[in-house]
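Topology and contacts: notes
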Amino acid sequence: MSEVYEIADGIYRIAAFSPGDPITFSQFLIKDEKPLLFHTGQRAIFQETLDAVKKVIDPASLRYISWSHLEADECGAANEFLAVAPDAEPVHGEVGVFLAVSDFFSRPVTSMADDEVLDLGQRKLRFLITPHVPHAWDAILLFEETTGTLFASDLF
């Protein structure tokens, strides 16, 4: 079962505990006019992540789905979320989109340039293309400018 914590105004951490593993996988939900889910988790935990999202918003209202780099714990359940969110758009950095992430998703992936801002309504997400930080060639960080929240994975 996943736990949901509000970590900043309108920003939620979904903590998924993997049975038998000493680690926690985190997904982040930004509740705004155009809600965004950053990380979907693996397909194996899709239902519990979906149930956690339902505690905050109607998952069908998701407008964007993004991830830090192409790995199962970051975006393994992206297509499952796209299936329940008819207007959701996958969004990632231009390096990842150029090099192949589009082949993995059921919808075209919107490309964001380094330092480009995605407007969610009240919140603004700045895309920072950071190849190999934390460890993958397509890596990005997101910086939410209103609350000063940095979204990363595998780093902290």
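Residues numbered from 1 in each chain as written. Predicted model: local features only at pLDDT ≥ 70, side-chain atom pairs only at ≥ 80, totals over all residues. Heavy atoms only, no water.

**Observations regarding a nonpolar patch on the surface**
- On the surface, a cluster of nonpolar side chains totalling about 270 Å² of accessible area is made up of Tyr 5, Ile 7 and Phe 17.
- By secondary structure assignment, the location of Phe 17 is in strand S2 (residues 11–17). (Patch = residues over 30% accessible without salt bridge, like charges linked within 9 Å, V, L, I, M, F, W, Y side chains within 5 Å. Areas by Shrake-Rupley, 256 points an atom, 1.4 Å probe, with all protein chains shown as cover. Salt bridge = Lys/Arg side-chain N within 4 Å of Asp/Glu carboxyl O. Helix = DSSP H or I, 4+ residues; strand = E, 2+ residues; numbered from the N terminus.)

**Overview of the sheet that holds strand S10 (residues 140–144)**
- With antiparallel pairing, the four strands of this open sheet are ordered in space as S8-S9-S10-S11. If you trace the sheet from one side to the other, it starts and ends with strand S8 (117–119) and strand S11 (149–151), each paired once. Across the sheet, the axes of successive neighbouring strands diverge by a mean angle of 25°, strand direction being ignored.
- Two elements, S8 and strand S9 (residues 124–129), share three bridges in a ladder whose sense is antiparallel. Opposite Val 117, over in S9, you have Arg 126 as the bridge partner. (Pairing = 2+ DSSP bridges. Axes fitted to C-alpha atoms, helices over the stretch in contact; angles between N-to-C directions.)

**Focus on the sheet that holds strand S1 (residues 3–8)**
- Ordered by their spatial adjacency, seven strands build an open sheet running S1-S2-S3-S4-S5-S6-S7, and the pairing between neighbours is mixed. Bordering the open sheet on either side are S1 and strand S7 (110–112), each of which pairs with just one other strand. Adjacent strand axes in the sheet meet at a mean angle of 25°, parallel and antiparallel pairs treated alike.
- Looking at chain direction, S2 and strand S3 (residues 24–30) are connected through seven bridges and run antiparallel.

**Comments concerning the pattern of salt bridges**
- According to the stated counting rule, one finds six salt bridges in the structure shown.
- For Asp 9, the salt bridge goes to Arg 123, with nearest N and O atoms at 3.5 Å. With Asp 9 in the loop between S1 and S2 and Arg 123 in the loop between S8 and S9, the pair connects residues that are 114 residues apart, well separated along the chain.
- In this structure Arg 123 comes out as buried when scored by relative accessible area, which is 5%. (Buried < 20%, exposed > 50% of the residue type's maximum accessible area, 1.4 Å probe, protein only.)

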